[in-house]
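Single-letter residue listing:
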Amino acid sequence: MATALRDLFGNAAVPEGAAWPMAHPVAGSLAWCALLLAVFVPLAVRQYAKGER
C-alpha cells in the first residue's frame, strides 16, 4: 500500500527485476482488495443470513 501511494504521488523507485506487485503497486493493491472482498463478503453474508451474531 505504501509503494502504491508513492507511485501515485510520483516518487516511487522500482528496483530492476522486482516482483510483479512491486513493479505494479497500484494494480497489486487493488487485486489484494478484490481478493479479500471476494473471500470475506460471501462469508459475512452467509453468517448474517443465519441470524447468528
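The structure displayed is predicted, hence computed values, not measured ones.

Cut-offs and rules
- Residues numbered from 1 in each chain as written.
- Predicted model: local features only at pLDDT ≥ 70, side-chain atom pairs only at ≥ 80, totals over all residues.
- Heavy atoms only, no water.
- UniProt positions renumbered as here; feature names shortened; annotations may be inferred.
- Helix = DSSP H or I, 4+ residues; strand = E, 2+ residues; numbered from the N terminus.
- Patch = residues over 30% accessible without salt bridge, like charges linked within 9 Å, V, L, I, M, F, W, Y side chains within 5 Å.
- Areas by Shrake-Rupley, 256 points an atom, 1.4 Å probe, with all protein chains shown as cover.
- Salt bridge = Lys/Arg side-chain N within 4 Å of Asp/Glu carboxyl O.
- Buried < 20%, exposed > 50% of the residue type's maximum accessible area, 1.4 Å probe, protein only.
- Contact = heavy atoms within 4.5 Å.
- Expected span 1.5 Å × (residues − 1).

A. Summary view of the UniProt feature "transmembrane region" (unreviewed entry) in the chain. Taken from the UniProt record, the annotation "transmembrane region" (unreviewed entry) applies to residues 26–45. Within the segment residues 26–45, helix and strand shares are 100% and 0% respectively, and the terminal C-alpha atoms sit 28 Å apart.

B. Main features of a nonpolar patch on the surface. On the surface, a nonpolar cluster with roughly 600 Å² of combined accessible area is contributed by W32, L35, L36, V39, F40 and L43. Inspection of the secondary structure assignment puts L36 in helix α3 (residues 25–50). Classification of L36 by relative accessible area gives partly exposed; the value is 45%.

C. Representation of the environment of R6 in the model. For R6, the location among the structural elements is in helix α1 (residues 2–8). Under the relative-accessibility criterion, R6 is labelled partly exposed at 45%. Each C-alpha atom of the pair R6 and V26 lies 9.6 Å from the other, and the pair is 20 residues apart in sequence. Excluding its chain neighbours within four sequence positions, the residues that come into contact with R6 are N11 and A12.

D. The arrangement of α3 in detail. Compared with an ideal rise of 1.5 Å per residue, which puts 26 residues at 38 Å, α3 spans 38 Å between its outermost C-alpha atoms and is within 8% of the ideal. Those residues of α3 lying buried are P25, G28 and S29. On its buried face, α3 is in contact with α1 and α2 (20–23). A positive backbone phi angle near 90° is found at G51, which sits one or two residues after α3.

E. Looking closely at the environment of P42. Here P42 lies in helix α3. Residue P42 is classed as partly exposed on the basis of its relative accessible area of 46%. Remark: the alpha-carbon pair of P42 and G28, spanning 14 residues in sequence, is separated by 22 Å.

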